[in-house]
Amino acid sequence: MTINGQAISLAQALQYLQRSGQLDTIVSEIASQHLLSQELQSRTDLEIGVTELEESVRDFRNRNQLQEASAFEQWLTNSGLSYTAFINQISEALKLKKLRVAVSEQNVTSYFAEKHTALDEFKLTYVVTTEKEKAEEFRSRMDAGQANFDDIARECVNEALFNHSDTVSFKKESVRRAQIRPELQAVLEGAVANSIVGPVEIDQGWWVIKVEEVIEAQLEGGLKQQLETEFFKQWLNQKIQQAPIAFAMT
């Protein structure tokens, strides 16, 4: 590399990266890519069949609106890829996906068997007020059948928007059971869909909570991919930590 005509040696580049605090990140990334490349080359259980490869190529072109040959050719040119290089990228991505499953499958299955209740998803709606009396009034009206939770929520939204009040607020969230804030863990224990909880004092406010839905965790879809990714990262980090890394510069 040259800057303003002056050559920058590898040693200088590494010194600059170390000075900026980025060297460890870059070295870790280089190590991970190298170790993954070695792993993909050495394993015989990651072979990609012709049909699998063709389906993946077709899916890629459909997702990116590259069904037309001319559009696909233009995309290859713009990306600086030959068709062979593109196929190699798709093949490597498929192998990497298989590797992720292979190295994480046992841990994912064991973890889910032990922790699946902590992975249940709660869809929650909160009405929050800074005034205890107002929160108690909300709950009293609901218990007496004078208003339901959605009525109260609309009142809070209108008060916050039109009266510019900062004493009430309204929000929704979806959260795994293990991620529920500690103050709510106990009161939501055993809660079922459409149940009302509170008022509960949290962060100097009073919360009335509607449990919209409780979704039992299933080892599939996004949750399965998330767990696979987490255990795969652990596996790769362990590989990096066990690999001696040294610089040889002249």
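Up top is the structure these notes are about.
So, how was this worked out
- Residues numbered from 1 in each chain as written.
- Predicted model: local features only at pLDDT ≥ 70, side-chain atom pairs only at ≥ 80, totals over all residues.
- Heavy atoms only, no water.
- Pairing = 2+ DSSP bridges.
- Helix = DSSP H or I, 4+ residues; strand = E, 2+ residues; numbered from the N terminus.
- Axes fitted to C-alpha atoms, helices over the stretch in contact; angles between N-to-C directions.
- Core = buried A, V, L, I, M, F, W, Y, C linked by side-chain atoms within 4.5 Å.
- Buried < 20%, exposed > 50% of the residue type's maximum accessible area, 1.4 Å probe, protein only.
- Contact = heavy atoms within 4.5 Å.
- Salt bridge = Lys/Arg side-chain N within 4 Å of Asp/Glu carboxyl O.

Asker: Could you give an account of the sheet that holds strand E5 (residues 195-202), with specific residues and numbers?
Answerer: Sheet architecture is open: four strands sit in the order E4-E3-E6-E5, paired in antiparallel fashion. Two strands in the sheet have a free side with no partner beyond their single neighbour: strand E4 (168-176) and E5. With strand direction ignored, the average angle separating the axes of adjacent strands in the sheet is 25°. One ladder, built from nine bridges, connects strand E3 (residues 121-129) with E4; its direction is antiparallel. Residue pairing for E4: valine 127 is matched across the bridge by phenylalanine 170.

Asker: Tell me what's going on with the nonpolar core, and back it up with residues and numbers.
Answerer: Ranked by size, the top nonpolar core spans 15 residues in total, and within it Leu124, Tyr126, Leu184, Leu188 and Ile209 carry the most contacts. Only E3, helix H8 (182-188), E5 and strand E6 (205-215) provide two or more residues apiece to this core. Setting aside residues up to four positions removed in sequence, tyrosine 126 forms contacts with Phe149, Ser169, Phe170, Lys171, Glu173, Leu184, Trp207, Val208 and Ile209.

Asker: Explain the pattern of salt bridges to me, using residue names and the numbers behind them.
Answerer: Scanning all chains against the criterion turns up 13 salt bridges. Close ionic contact of arginine 43 with glutamate 39 constitutes a salt bridge, the shortest N to O distance being 3.4 Å. Taking the relative accessible area as the measure of exposure, glutamate 39 reaches 13% and is therefore buried. Glutamate 228 is the salt-bridge partner of arginine 100, the closest N and O atoms lying 3.4 Å from each other. One end of the pair, arginine 100, is in helix H5 (residues 83-115); the other, glutamate 228, is in helix H9 (residues 221-242), and 128 residues separate them in sequence. When its relative accessible area of 7% is taken as the criterion, glutamate 228 is described as buried. Connected through shared salt-bridge partners, Glu39, Arg43, Asp45 and Lys239 make up one network.

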